[in-house]
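Close look at the chain arrangement
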Amino acid sequence: MKEKGLLIVLSGPSGVGKGTVRKAIFSQENTKFEYSISMTTRLPREGEVDGVDYFFKSREEFESLIEQGKLLEYAEYVGNYYGTPVDYVRETMDDGNDVFLEIEVQGAKQVRDKFPDGLFIFLAPPSLSELQNRIVTRGTESEELIRNRMDTARSEIEMMNLYDYVVENNEVATAVEKINSIVQAEHCRRERVEKRYKKMLEVE
Ligand SMILES: Nc1nc2c(ncn2[C@@H]2O[C@H](COP(=O)(O)OP(=O)(O)O)[C@@H](O)[C@H]2O)c(=O)[nH]1
Ligand SMILES: Nc1ncnc2c1ncn2[C@@H]1O[C@H](COP(=O)(O)OP(=O)(O)O)[C@@H](O)[C@H]1O
């Protein structure tokens, strides 16, 4: 029987660099992960393509997907829905490929409940002041929203202990390397456990 793929979840506070690190991971030539494209009700930004960056949906369409149980998790974030298509995730894992989710922390918590066997990686900022710097330099938020996001960030950081690994996003390239190593080590660990388990069954 084919081994199931891993479910890799990268999460962390807003502005820590999740999107940046994810893009760097998928720009590697030899990346072995399959990126799960999310659904969202937010409008496309300039240059974003439907079915590449996100599947852009209306609120009605999104709510109907929720009702039909088509989402592994979803969350409302700054006034818009974001969610992960469950069929894609299950099919990709069943085919033996690793699926990579880059999602905010509420969604990651829901995935943890449904897939406790997943690999949960928390991307942490070097400090709160650096996190604020990044949100400010990104320049997509008003002053009030930045204050709001910093309050949210504090509670998001408290959720760090629910994760298997914490990777500090100091340098993007280093964070990418660490994530690659974590996934590789996890594959080795699972192989070892599987072998031992098979051996035990043979003996009895
Ligand atoms: N729960 C959940 N969060 C998602 C999903 N897709 C993206 N996100 C998160 O939604 C947040 C907002 O994403 P986006 O609108 O692209 O803006 P960004 O802040 O520039 O990354 C980010 O924290 C993403 O990680 C998803 O499927 N589910
Ligand atoms: N390691 C890093 N060092 C410095 N700036 C970074 C780093 N990673 C991301 N950034 C910057 O921080 C801002 C937020 O990154 P982004 O990927 O949008 O975060 P998130 O997806 O977590 O909300 C962007 O301006 C990005 O260029």
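Residues numbered from 1 in each chain as written. Chains lettered and ligands numbered in written order. Predicted model: local features only at pLDDT ≥ 70, side-chain atom pairs only at ≥ 80, totals over all residues.

Let's shift gears to the site of ligand 2. Lining the immediate environment of ligand 2, one finds 13 residues, of which Gly 17, Lys 18, Gly 19, Thr 20 and Arg 134 sit closest. For the shell around ligand 2, the secondary-structure elements that each account for two or more residues are helix H1 (18–26) and helix H5 (128–138). Grouping the amino acids of the shell around ligand 2 by side-chain chemistry returns two nonpolar, seven polar and four charged. (Near = placed C-beta within 6 Å. Helix = DSSP H or I, 4+ residues; strand = E, 2+ residues; numbered from the N terminus. Nonpolar A, V, L, I, M, F, W, Y, C, P; charged D, E, K, R; others polar.)

Taken together, 16 residues are adjacent to ligand 1, and Ser 38, Ala 75, Tyr 82, Ile 103 and Gly 107 come closest. If you list the elements that add at least two residues to the shell around ligand 1, you get H1, strand S5 (71–77), strand S6 (80–85) and helix H4 (105–114). A per-class count over the shell around ligand 1 returns four nonpolar, seven polar and five charged.

It is worth spelling out the UniProt feature "binding site: ATP" (unreviewed entry) in the chain at this point. In the UniProt entry, the feature "binding site: ATP" (unreviewed entry) is given for Gly 12, Pro 13, Ser 14, Gly 15, Val 16, Gly 17, Lys 18 and Gly 19. With respect to the secondary-structure elements, Pro 13 resides in the loop between strand S1 (7–11) and H1. A residue is classified by how many C-beta atoms lie within 10 Å of it, and Pro 13, with 27 of them, is buried. Within the secondary structure, Gly 17 sits in the loop between S1 and H1. Take Gly 17: there are 21 C-beta atoms within 10 Å of it, and that puts it in the buried class. With near-sequence residues (within four places) excluded, Gly 17 lies in contact with Leu 123, Arg 134, Asn 169 and Val 172. (UniProt positions renumbered as here; feature names shortened; annotations may be inferred. Buried ≥ 20, exposed ≤ 12 C-beta atoms within 10 Å, placed from the backbone. Contact = placed C-beta atoms within 7 Å.)

Moving on, we come to the packing of H5 against helix H6 (residues 143–157). At a closest axis distance of 11 Å, the pairing of H5 and H6 adopts a crossing angle of 145°. For the pair H5 and H6, the crossing hand works out as right-handed. On the side of H5, the interface is formed by Leu 131, Gln 132, Ile 135 and Val 136, while H6 contributes Ile 146, Arg 149, Met 150 and Ala 153. Within the contact of H5 with H6, the residues separate by chemical class into six nonpolar, one polar and one charged. (Axes fitted to C-alpha atoms, helices over the stretch in contact; angles between N-to-C directions. Left-handed = near helix turned anticlockwise from the far one by under 90°.)

Let's shift gears to the sheet that holds strand S7 (residues 98–102). With respect to topology, five strands assemble into an open sheet ordered S2-S7-S1-S8-S9, the strand pairing being parallel. Here the strands that pair on one side only, and so sit at the sheet edges, are strand S2 (33–35) and strand S9 (165–168). Strand-to-strand twist in this sheet, taken as the mean axis angle between neighbours without regard to direction, amounts to 30°. Sheet topology note: the S1/S7 ladder contains four bridges and is parallel. What sits directly across from Val 9, in S7, is Leu 101. Along the sheet, H4 contacts S1, S7 and strand S8 (119–124); its crossing angle with S1, the most-contacted strand, is approximately 155°. (Pairing = 2+ DSSP bridges.)

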